[in-house]
Amino acid sequence: MDGKMIVTYKILCKNDFNLELTLEKLFANEKIAKTIKSEFAKGIRNIDIFTKESDAKIKIETQKELYQFEVDKNDFADLITLSEEDAKKRNLTKKDCADVELVNIETID
């Protein structure tokens, strides 16, 4: 395979926060529901908050910086290893921040 790829990754740390919950569960929290009602329906009584998409999800996670590097298409099987090597070369890894997560792989000619 001829050509190149641009690989985008981020560094993961042990204390990173990552939570995914449904909107239905979020709206079930009384404090959240009260805050939404007071912000968007101030002074209106007997209202309820709901969603048509009961499985719609919201994700709360630690914001991360994304890093990129370029490799040959032939190196596709080794992308994680190459990402880890790139992170070490850039001195991005630390004691509790050494794992790599691939975010995007884009082919270019």
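The structure under discussion appears in the preceding block.
Description of the structure in this document. Small disclaimer: the values here were computed from a predicted structure and weren't measured.

### Points about the overall build of the chain
Tallying secondary structure elements over the chain gives three helices and five strands in all. Mapped from its N terminus to its C terminus, the chain presents α and β elements in the order β-β-α-α-β-β-α-β. Taken over C-alpha atoms, the radius of gyration comes to 21 Å for the chain, far larger than the 13 Å a tight globule of 109 residues would show. Based on the C-alpha atoms only, the size of the chain along its principal axes is roughly 65 × 35 × 20 Å. Out of the 109 residues in the chain, the part that is buried amounts to 21%. Contacts spanning at least 24 positions in sequence make up 81% of the contacts within the chain whose residues lie at least 6 apart. For the chain, the exposed surface amounts to about 8,800 Å²; the carbon and sulfur share of it is 48%. Each charge class in the chain was averaged separately, 19 positive and 23 negative side chains, and the resulting centres sit 10 Å apart.

### Considering a nonpolar patch on the surface
A cluster of nonpolar residues, Phe 17, Leu 19, Ile 58 and Ile 60, forms a patch on the protein surface that exposes about 320 Å² of accessible area. Looking at the element boundaries, Ile 58 is found in strand S3 (residues 57-61). Residue class for Ile 58 comes out partly exposed when judged on its relative accessible area of 30%.

### Some remarks on the pattern of salt bridges
Going through the model one piece at a time under the given rule, you end up with five salt bridges. Its salt-bridge partner being Asp 86, residue Arg 90 comes within 3.1 Å of it at the nearest N-O pair. Arg 90 gets classed as partly exposed once you look at its relative accessible area, which sits at 37%. Accessibility expressed as a relative area gives 9% for Asp 86, which makes it buried.

The rules we used
Residues numbered from 1 in each chain as written. Predicted model: local features only at pLDDT ≥ 70, side-chain atom pairs only at ≥ 80, totals over all residues. Heavy atoms only, no water. Helix = DSSP H or I, 4+ residues; strand = E, 2+ residues; numbered from the N terminus. Rg over C-alpha atoms; globule rule 2.2 N^0.38 Å. Buried < 20%, exposed > 50% of the residue type's maximum accessible area, 1.4 Å probe, protein only. Contact = heavy atoms within 4.5 Å. Areas by Shrake-Rupley, 256 points an atom, 1.4 Å probe, with all protein chains shown as cover. Lys, Arg positive; Asp, Glu negative; His and termini not counted. Charge placed at Lys NZ, Arg CZ, Asp CG, Glu CD. Patch = residues over 30% accessible without salt bridge, like charges linked within 9 Å, V, L, I, M, F, W, Y side chains within 5 Å. Salt bridge = Lys/Arg side-chain N within 4 Å of Asp/Glu carboxyl O.

Without other data, these values stay purely geometric and don't point to any function.
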